[in-house]
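# Observations on chain architecture
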Amino acid sequence: MARWQYAKLLSNLGNALEAVVEVLDVEAHLAFYARVRAEGVAVLDAAGIDCASAEEEKALRGDKIRLVEIDGVPRRGGSSWQSLNRGTGTIEADYLNGEIALLGRLHGVPTPLNELLQRLANAFARERRPAGSLPFDELVRLADEAVAFVQES
């Protein structure tokens, strides 16, 4: 069972990304998410944690999950986006990106992108900032700085 839970953790690492940045360029967002997920995979590998592959997840899930418009209203965002949109003051980033960041520290794997998303998502929730209000190019600038800092350390 744990290997499926860790697969779900990896797939949910993009929740904070979706919450803080408006999706304007799907390809750019997917590329950024791939970098965030790669950190997660590296951490789980270093920790010796096996997880189901994306292919296994897709084969099991099939077409059971589909994102569709409801009553002509397009889907705006997942659980983290919804937390920000409702102004709850909390968000799940500590349990998702924070778990990867913690495991990274414990196993000597840098996780600058997951740490950045965790910090941003928590700040957005705490400050009740609107979902999707960080420009993507600003996120990329912050991410480049975070990665450069790790490389210089």
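Given the structure is predicted, the values throughout are model-derived calculations rather than measurements.

### Some words on the overall build of the protein
In terms of regular secondary structure, the protein is built from 8 helices and 0 strands. Each helix and strand of the protein, ordered N terminal to C terminal, gives the series α-α-α-α-α-α-α-α. Its C-alpha radius of gyration of 16 Å places the protein within 12% of the 15 Å reference for a compact globule of 153 residues. Seen through its C-alpha atoms, the protein measures out along the principal axes to roughly 45 × 35 × 30 Å. By residue count, 40% of the 153 residues in the protein fall in the buried class. Roughly 9000 Å² of accessible area belongs to the protein as shown, and the carbon and sulfur atoms make up 54% of that amount. Where the 17 positive side-chain charges of the protein centre and where its 23 negative ones centre are 5 Å apart.

### Things to note about the environment of Gly77
Position of Gly77 among the secondary structure elements: in the loop between helix H4 (54–61) and helix H5 (79–86). Spatially, the C-alpha atoms of Gly77 and Phe149 are 31 Å apart, while their sequence positions differ by 72 residues. Residues within four places of Gly77 in sequence aside, it is in contact with Glu18 and Gln82.

### A look at helix H7 (residues 112–127)
Here H7 spans 22 Å end to end across 16 residues, near enough to the 22 Å set by a 1.5 Å rise per residue. Most of H7 is tucked away: 12 of the 16 residues are buried. Where H7 is buried, its residues touch helix H2 (15–20), helix H3 (26–47), H5, helix H6 (97–107) and helix H8 (136–152). Once H7 finishes, Arg128 follows within two positions and takes phi at roughly 55°, a positive value.

### Overview of unusual backbone geometry
With phi around 55°, Arg128 is a residue other than glycine that occupies positive phi space. Tracing the sequence through the fold places Arg128 in the loop between H7 and H8.

### Examining the pattern of salt bridges
One pass over the full model with this rule turns up 4 salt bridges. Of the charged contacts in the structure, one is a salt bridge between Asp50 and Arg3, with a shortest N-O distance of 3.0 Å. Within this pair, whereas Asp50 is found in the loop between H3 and H4, its partner Arg3 is found in helix H1 (residues 2–11), the two being separated by 47 residues in sequence. Residue Glu145 pairs with Arg141 through a salt bridge whose shortest N-O separation is 2.4 Å. Separated by 4 residues within a single helix, Glu145 and Arg141 lie in helix H8, roughly one turn from each other. The exposure class of Arg141 is partly exposed, given its relative accessible area of 37%. Overlapping salt bridges, with partners in common, bring together Arg3, Asp50 and Glu56 in one network.

Rules and cut-offs
- Residues numbered from 1 in each chain as written.
- Predicted model: local features only at pLDDT ≥ 70, side-chain atom pairs only at ≥ 80, totals over all residues.
- Heavy atoms only, no water.
- Helix = DSSP H or I, 4+ residues; strand = E, 2+ residues; numbered from the N terminus.
- Rg over C-alpha atoms; globule rule 2.2 N^0.38 Å.
- Buried < 20%, exposed > 50% of the residue type's maximum accessible area, 1.4 Å probe, protein only.
- Areas by Shrake-Rupley, 256 points an atom, 1.4 Å probe, with all protein chains shown as cover.
- Lys, Arg positive; Asp, Glu negative; His and termini not counted.
- Charge placed at Lys NZ, Arg CZ, Asp CG, Glu CD.
- Contact = heavy atoms within 4.5 Å.
- Expected span 1.5 Å × (residues − 1).
- Salt bridge = Lys/Arg side-chain N within 4 Å of Asp/Glu carboxyl O.

Any link to function would need more than the numbers given here.
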